[in-house]
Protein chains: 2
Amino acid sequence: MKIFDKAIESRMDRRCTFVALGGGVIGDMCGYAAASYLRGVNFIQIPTTVMAQVDSSVGGKTGINHRLGKNLIGAFYQPQCVLIDTDTLNTLPDRELASGLAEVIKYGLIRDAEFFEWQEKNMHALLARDPSAFAYAIKRSCENKAEVVSLDEKESGLRATLNLGHTFGHAIETGFGYGQWLHGEAVAAGTVMAVDMSYRLGWIDDSLVKRVHTILQQAKLPTAPPETMTVDMFKSVMAVDKKVADGLLRLILLKGPLGNCVFTGDYDRQALDDTLHAFCKS
Amino acid sequence: MKIFDKAIESRMDRRCTFVALGGGVIGDMCGYAAASYLRGVNFIQIPTTVMAQVDSSVGGKTGINHRLGKNLIGAFYQPQCVLIDTDTLNTLPDRELASGLAEVIKYGLIRDAEFFEWQEKNMHALLARDPSAFAYAIKRSCENKAEVVSLDEKESGLRATLNLGHTFGHAIETGFGYGQWLHGEAVAAGTVMAVDMSYRLGWIDDSLVKRVHTILQQAKLPTAPPETMTVDMFKSVMAVDKKVADGLLRLILLKGPLGNCVFTGDYDRQALDDTLHAFCKS
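Residues numbered from 1 in each chain as written. Chains lettered and ligands numbered in written order. Predicted model: local features only at pLDDT ≥ 70, side-chain atom pairs only at ≥ 80, totals over all residues. Heavy atoms only, no water.

The name recorded for chain A in an unreviewed UniProt entry is 3-dehydroquinate synthase, from Sesamum angolense. Per UniProt, the comment on chain A under Pathway (unreviewed entry) is "Metabolic intermediate biosynthesis; chorismate biosynthesis; chorismate from D-erythrose 4-phosphate and phosphoenolpyruvate: step 2/7." As recorded by UniProt, the Sequence similarities (unreviewed entry) comment attached to chain A reads in full: "Belongs to the sugar phosphate cyclases superfamily. Dehydroquinate synthase family." (UniProt positions renumbered as here; feature names shortened; annotations may be inferred.)

This is how it looks when you write it as structure tokens:
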């Protein structure tokens, strides 16, 4: 509403352009405002965090949170362009930087084994903010994202795989309280849970589980949800996840060798229950 | 926000359908909520007023008001279907019925001279709620609207002509206070102002001015803005109209014989000023 107030008071007309300069929240919020202001004006994304550069600024998902769940209100609305300047990362706090790496790691796990192996070798360079390592990681992440989005913009299936770890992660962000953990931190813990569940289902072998733990620890990311999260907190938030269809929660799970995943509601309920109980004290 | 709260609490998922059952405000609000909920779900329009049946339910414009102007926040979002049952008009208050006729009259003025002439002959039947007269008026209005929208969905030009009288009318609704006058009442007064201005510019002859007055009076619609409206009130609201581009207010004005109009910013400013002063005491 503050964006609308300011835009109207400034008499911005239909030919104006909204510029989202900042991280993922700014991009999502500004994009949704651009989609809605005068029923849609131009907008440009200038992401300034790793998270926004490798993921949220690309693909046209915009939105805001509802007190009962994350990103429940929004629009599919493509920016006129996404302008990434990696120099903006020079002043990014370490924790924010690590948070973005959770999404970089995701691309390797769901569809790009070679990229995952590159990350295993170059995580130290990324943490040291080596410019060429970062340029490569961002470019390859954007390529992965753009490829998926171009095949399935409105998320009828394939695009959902980009949400590995996000269903558990959103539950953590909502249950634990927005802002307590950064998005990528919640995604990292969520990824560990999704990987644990995939292993319980017999869909991946334990060496992959170990590699996921190792790379997330290297990236200084959490590998378990906050201790205050309970099974009921997970269940109540996951019940309103956007990927629920006909009451059935569909999840992104790894299946097969590194780089392969599925988006499915066809899994043993017990494995989900066991996973939640394994990660929660109550 | 109430719609979102209820939808989330009811755990409505992406496969749900929002049904807008009511008048234009319900349809616009429900449509915008459908466009935004989970980034877009299906919706169906079931309009129950003349205004909604002949105009607002068709064409995919959705939106809500901002305290500084009407329909400034919204989306272009098409319903899966529009279901019109003219029996719903049986219980519509007379004033609501007349309000809808303002948009019916509009189609005649901007593009359908033959339809306008039919209305001149059949206004008494419409006011008496003659079912066959109504069925014809609604069908022909929807055909006109659908034709314009299919040629220019996102309102780059032609579609704007559907807003004859709306720029003045929106100023009345905002300045006088939402809900004081019905939308069609404000549009009727706005249409008289647009027609008056067209005549001042020498674009139409006085017989058309008279016919517009006569048919609006027959339909029991206002032919002048409320007495409390001032020139400054008009100017301040019109400055944030969605049709302003580069600071220039574009208007829909009649030009030539009955059934012809233009959407233009190329008019003598003095004629606009003269029009505002002619209809306002201060």
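Caption draft 1: Local environment of the overall build of chain A. In terms of helices and strands, chain A carries 11 helices and 9 strands. Taken against the 2.2 N^0.38 rule, which gives 19 Å for 282 residues, the C-alpha radius of gyration of chain A at 18 Å falls within 12% of a compact globule. Structurally, chain A occupies a C-alpha span of about 60 × 45 × 35 Å along its principal axes. By residue count, 60% of the 282 residues in chain A fall in the buried class. A separation threshold of at least 6 residues defines the contact pool for chain A, and within that pool the share at least 24 residues apart is 72%. A total of about 11500 Å² of accessible surface is found on chain A, and carbon and sulfur atoms cover 53% of it. (Helix = DSSP H or I, 4+ residues; strand = E, 2+ residues; numbered from the N terminus. Rg over C-alpha atoms; globule rule 2.2 N^0.38 Å. Buried < 20%, exposed > 50% of the residue type's maximum accessible area, 1.4 Å probe, protein only. Contact = heavy atoms within 4.5 Å. Areas by Shrake-Rupley, 256 points an atom, 1.4 Å probe, with all protein chains shown as cover.)

Caption draft 2: Looking closely at the sheet that holds strand β2 (residues 42-47) of chain A. All names here are of chain A. Strands sit in the order β1-β2-β5 across an open sheet of 3 strands; the sheet is parallel. Every interior strand has two partners, whereas the edge strands, β1 (17-22) and β5 (81-82), have only one. Of the pairings in the sheet, the one linking β2 to β5 comprises 2 bridges and is parallel in character. Within the sheet, the bridge partner assigned to Gln45 lies in β5 and is Val82. Contacting β1 and β2, helix α2 (residues 24-36) crosses the sheet at an angle of about 170° to β1. (Pairing = 2+ DSSP bridges. Axes fitted to C-alpha atoms, helices over the stretch in contact; angles between N-to-C directions.)

Caption draft 3: Structural context of unusual backbone geometry. With a phi angle near 60°, Arg129 of chain A is a residue other than glycine that sits in the positive phi range. With respect to the secondary-structure elements, Arg129 of chain A resides in the loop between α5 (113-127) and α6 (131-151). Owing to a relative accessible area of 23%, Arg129 of chain A belongs among the partly exposed residues under this scheme. At Leu38 of chain B, a position not held by glycine, the phi torsion is positive, near 55°. Mapped onto the elements of the fold, Leu38 of chain B is located in the loop between α2 (24-36) and β2 (42-47). What makes Leu38 of chain B buried here is its relative accessible area of 3%.

Caption draft 4: Examining helix α8 (residues 183-200) of chain B more closely. All names here are of chain B. For α8, which comprises 18 residues, the first-to-last C-alpha distance of 25 Å matches the rise-based estimate of 26 Å (1.5 Å per residue) to within 8%. Within α8, 16 of the 18 residues are buried, which leaves the element mostly enclosed by the surrounding structure. Following α8 by one or two positions, Gly202 has its phi on the positive side, about 80°. (Expected span 1.5 Å × (residues − 1).)

Caption draft 5: Expanded view of the packing of aromatic side chains. For the structure shown, the criterion picks out 16 aromatic pairs over all chains. With 6.1 Å between their ring centres and 15° between their planes, Phe43 of chain A and Tyr77 of chain A make a pair best called stacked. Remark: Tyr77 of chain A occurs in the loop between β4 (69-76) and β5 and Phe43 of chain A occurs in strand β2; sequence separation between them is 34 residues. For Phe43 of chain A, a relative accessible area of 0% gives the class buried. Judged by its relative accessible area of 23%, Tyr77 of chain A is partly exposed. In this structure, Arg269 of chain A is placed above the aromatic ring of Tyr267 of chain A, and the distance from its NZ or CZ to the ring centre is 4.0 Å. Between the NZ or CZ atom of Lys255 of chain B and the centre of the ring of Trp203 of chain B, over which it lies, the distance is 4.1 Å. (Phe/Tyr/Trp six-rings, centres within 6.5 Å; stacked < 30°, edge-to-face > 60°. Lys NZ or Arg CZ within 6 Å of the ring centre and 35° of its normal.)

Caption draft 6: Examining the interface of chain A and chain B more closely. Contact residues are listed per partner, giving 36 residues for chain A and 36 residues for chain B. Between chain A and chain B, roughly 3400 Å² of surface is buried when both sides are summed, and carbon and sulfur atoms account for 52% of that area. Looking at the side of chain A facing chain B, the largest losses of area belong to Ile8, Arg14 and Arg39 of chain A, adding up to 24% of the total buried there. Counting across the interface, chain A meets chain B through 5 salt bridges. Notably, a salt bridge pairs Arg67 of chain B with Glu9 of chain A, separated by 3.5 Å at the nearest N-O pair. (Buried area = accessible area lost by both parts, 1.4 Å probe. Salt bridge = Lys/Arg side-chain N within 4 Å of Asp/Glu carboxyl O.)

Caption draft 7: Inspection of the pairing of strand β1 (residues 17-22) of chain B at higher detail. Residues and elements named next belong to chain B. As judged from the 6 bridges shared by β1 and β2, these two strands associate in the parallel manner. Counterpart to Gly22 in the pairing with β2 is Pro47. Each parallel crossover has a hand, and the one from β1 via α2 to β2 is right-handed. (Right-handed = clockwise from strand over helix to strand, strands pointing away.)

Caption draft 8: Region of the structure containing the relation of the copies chain A and chain B. Overlaying chain A on chain B yields an RMSD of 0.0 Å, the required transformation being a rotation through 180° with an accompanying axial translation of 0.0 Å. On this basis, the relationship between the two copies can be described by a two-fold rotation axis. Take the interface residues of chain A: 100% of them recur as interface residues in chain B, which is what a same-surface contact looks like. (Least-squares fit on C-alpha atoms with pLDDT ≥ 70 in both.)

Caption draft 9: Local environment of the pattern of salt bridges. Residues and elements named next belong to chain A. Evaluated as defined, the whole model comprises 41 salt bridges over all chains. Note that Glu173 and Lys70 form a salt bridge whose closest N and O atoms lie 3.1 Å from each other. One end of the pair, Glu173, is in helix α7 (residues 166-176); the other, Lys70, is in strand β4, with 103 residues separating them in the sequence. Look at the salt bridges and you will find they share partners, linking Asp55, Glu103, Lys106 and Lys145 into a network.

Caption draft 10: Highlighting the sheet that holds β1 of chain B. Reading across from one edge, β1-β2-β5 (chain B) is the order of the 3 strands in this open sheet, with parallel pairing throughout. Looking at which strands have only one partner, the edges of the open sheet turn out to be β1 and β5 (81-82) of chain B.

Caption draft 11: Region of the structure containing the pairing of strand β3 (residues 61-66) of chain B. All names here are of chain B. Taken together, the 5 bridges between β3 and strand β4 (residues 69-76) define a ladder with antiparallel strand orientation. In the strand pairing of β4, Thr62 is matched with Ala75. What sits between β3 and β4 in their antiparallel hairpin is a turn of 2 residues.

Caption draft 12: Fine view of the nonpolar core. Core analysis: the biggest nonpolar cluster contains 71 residues, and Leu109, Phe168, Met197, Phe234, Leu251 and Tyr267 of chain A have the highest contact counts within it. Setting aside its immediate chain neighbours within four residues, Met197 of chain A contacts Phe168, Leu251, Leu253, Tyr267, Ala271, Leu272 and Thr275 of chain A. With 70 residues, the next largest nonpolar core counts Phe115, Leu201, Leu251 and Leu258 of chain B among its residues. (Core = buried A, V, L, I, M, F, W, Y, C linked by side-chain atoms within 4.5 Å.)

Caption draft 13: Local environment of the UniProt feature "domain: 3-dehydroquinate synthase C-terminal" (unreviewed entry) in chain A. UniProt's entry tags residues 100-244 of chain A with the feature "domain: 3-dehydroquinate synthase C-terminal" (unreviewed entry), counted in the numbering of this structure. Taken end to end, residues 100-244 of chain A has its terminal C-alpha atoms 26 Å apart, with 68% of it in helix and 1% in strand.

Caption draft 14: The arrangement of the UniProt feature "domain: 3-dehydroquinate synthase N-terminal" (unreviewed entry) in chain A in detail. Under the UniProt annotation, "domain: 3-dehydroquinate synthase N-terminal" (unreviewed entry) lies at residues 2-98 of chain A. Here residues 2-98 of chain A runs as 34% helix and 29% strand, with 30 Å between its end C-alpha atoms.

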